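An overview of the molecular structure
Letter by letter, the chains look like this.
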Amino acid sequence: MGDIDVSIERLDDIRSQGKTTEEVTVFYDNWSKDYDKDLEKLGWNAPRYTAEGLSKLVTDRDARILDCAAGTGLVGQELKRLGYSNIDAIDISETILRQAEDKGIYKKLICAQIGAEPIPGVGKDEYDAIICSGAFLDGHLDDACLSEWVRIVKKGGLICIGVNVRTLYCVEGQTLKSLLDSRKLQQVEKYQVKNYLKEEDGCFLAYRVL
């Protein structure tokens, strides 16, 4: 089996349905060493698209940003390229966070599950923006986490999400609808991008915390 075939197999495996949180964590622990190399082979443009989308809305390069489901720090690299330097990272995999730490981008690393429950050690109104790229899919994140993100982002701050169009339903669920209806969030951006991953399209979404 060639290198590109192995990369595709790993991608298909992690995108398959039915994995528990523990299985996802172990998968990323094992994948961490080859993660960047595999995604480069697969044409993974999501980090760049998501970071550039945020940059059009968050003009303060000193803004405090939390990179959610940061993985090895590919989004952080793009944010650094765009001039941001006050960035923290959170991911469920401690092994993959060590890869992110080696890039020297993040000020703080948080190893925790991302969901509706409060993130340990993160206070209310702590961040100017949250960025999340590629993590809204089965077995990973869904819109339940948005209620916690609203808590930790300052009023007027932004939540910026890059998602494959195939799994847009993981973002646009009942929790998001409730937050929009109750005017805790306001959608400020939504557009489609080409070649988000290989030949698959993606979507950039941005919400302002009210």
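See above for the structure.
Since the structure is predicted, the reported quantities are computational estimates derived from the model, not experimental observations. (Residues numbered from 1 in each chain as written. Predicted model: local features only at pLDDT ≥ 70, side-chain atom pairs only at ≥ 80, totals over all residues. Heavy atoms only, no water.)

Focus: the pattern of salt bridges
According to the stated counting rule, one finds 14 salt bridges in the structure shown. Put simply, Glu-52 and Arg-81 hold a salt bridge, and the shortest N to O gap is 3.2 Å. Placement of Glu-52 in helix H4 (residues 46-57) and of Arg-81 in helix H5 (residues 74-81) is noted, with a sequence separation of 29 residues between them. The partly exposed category is assigned to Glu-52, whose relative accessible area is 25%. (Salt bridge = Lys/Arg side-chain N within 4 Å of Asp/Glu carboxyl O. Helix = DSSP H or I, 4+ residues; strand = E, 2+ residues; numbered from the N terminus. Buried < 20%, exposed > 50% of the residue type's maximum accessible area, 1.4 Å probe, protein only.)

Here we look at the packing of aromatic side chains
Inspection of every chain in the model, using the stated rule, returns two aromatic pairs. Their ring planes at 85° and their centres at 5.9 Å tell us that Phe-136 and Trp-149 sit as a pair that is edge-to-face. You can see Phe-136 sitting in the loop between strand S4 (127-133) and helix H7 (146-152) and its partner Trp-149 sitting in helix H7, a full 13 residues away along the chain. Across the pair, Trp-149 and Phe-136 agree in class, each one buried. Here the aromatic rings of Tyr-191 and Phe-204 are separated by 5.2 Å at their centres, their planes lie at 35°, and the arrangement is tilted. (Phe/Tyr/Trp six-rings, centres within 6.5 Å; stacked < 30°, edge-to-face > 60°.)

Describing H5
Those residues of H5 that sit buried are Leu-74, Val-75, Gly-76, Glu-78 and Leu-79. Summarising the contacts, the buried residues of H5 are in contact with helix H3 (35-41), H4, strand S1 (65-68), strand S2 (87-91) and S4. Where H5 terminates, the next one or two residues include Gly-83, which has phi positive at roughly 105°. (Contact = heavy atoms within 4.5 Å.)

Quick word on the nonpolar core
The tendency in soluble globular proteins is for nonpolar side chains to be buried side by side. Phe-136, Trp-149, Ile-159 and Ile-161 are the most contacted members of the largest nonpolar core, which totals 33 residues. Every element with two or more residues in this core is listed here: S1, S4, H7, strand S5 (153-164), helix H8 (174-181) and strand S7 (200-209). Not counting the four nearest positions on each side in its chain, Ile-159 is found in contact with Ile-130, Leu-146, Trp-149, Val-150, Val-153, Leu-185, Leu-205, Ala-206, Tyr-207 and Val-209. In this structure, Tyr-84, Ile-87, Ala-100 and Ile-131 belong to the second largest nonpolar core, which totals 22 residues. (Core = buried A, V, L, I, M, F, W, Y, C linked by side-chain atoms within 4.5 Å.)

Here's the deal with the layout of surface pockets
In this structure, the largest pocket spans a volume of roughly 790 Å³. Along its surface, the largest pocket is lined by 43 residues, and Tyr-28, Gly-134, Ala-135, Leu-137 and His-140 are the ones closest to its centre. For the lining of the largest pocket, the secondary-structure elements that each account for two or more residues are helix H1 (3-15), helix H2 (21-31), H3, H5, S5 and strand S6 (185-197). With four residues, H2 is the largest single contributor of residues to the lining of the largest pocket. (1 Å grid on protein atoms, 1.4 Å probe; cavity = no way out; pocket = protein on both sides within 12 Å on 5 of 7 lines; lining within 4 Å. Points joined across faces, edges and corners; volume = space filled by probe spheres on them.)

Looking at the state of the cysteines
Here the structure, examined in full by the defined rule, presents zero disulfides. In this structure Cys-68 is a free cysteine whose sulfur lies 6.0 Å from that of Cys-132, the closest cysteine sulfur available. (Disulfide = S-S within 2.5 Å.)

Points about the sheet that holds S6
Where strands meet in a sheet, backbone hydrogen bonds hold them as pairs that are either parallel or antiparallel. Pairing within the open sheet is mixed, and its seven strands lie in the order S3-S2-S1-S4-S5-S7-S6. Among the strands making up the open sheet, the edge pair consists of strand S3 (108-111) and S6. Sheet twist, expressed as the average angle between the axes of neighbouring strands with direction ignored, equals 15°. Two elements, S1 and S4, share four bridges in a ladder whose sense is parallel. Looking across to S4, one finds that Cys-68 is bridged to Cys-132. In the packing of H8 onto the sheet, contacts are made with S6 and S7, and the angle to S6 comes to roughly 140°. (Pairing = 2+ DSSP bridges. Axes fitted to C-alpha atoms, helices over the stretch in contact; angles between N-to-C directions.)

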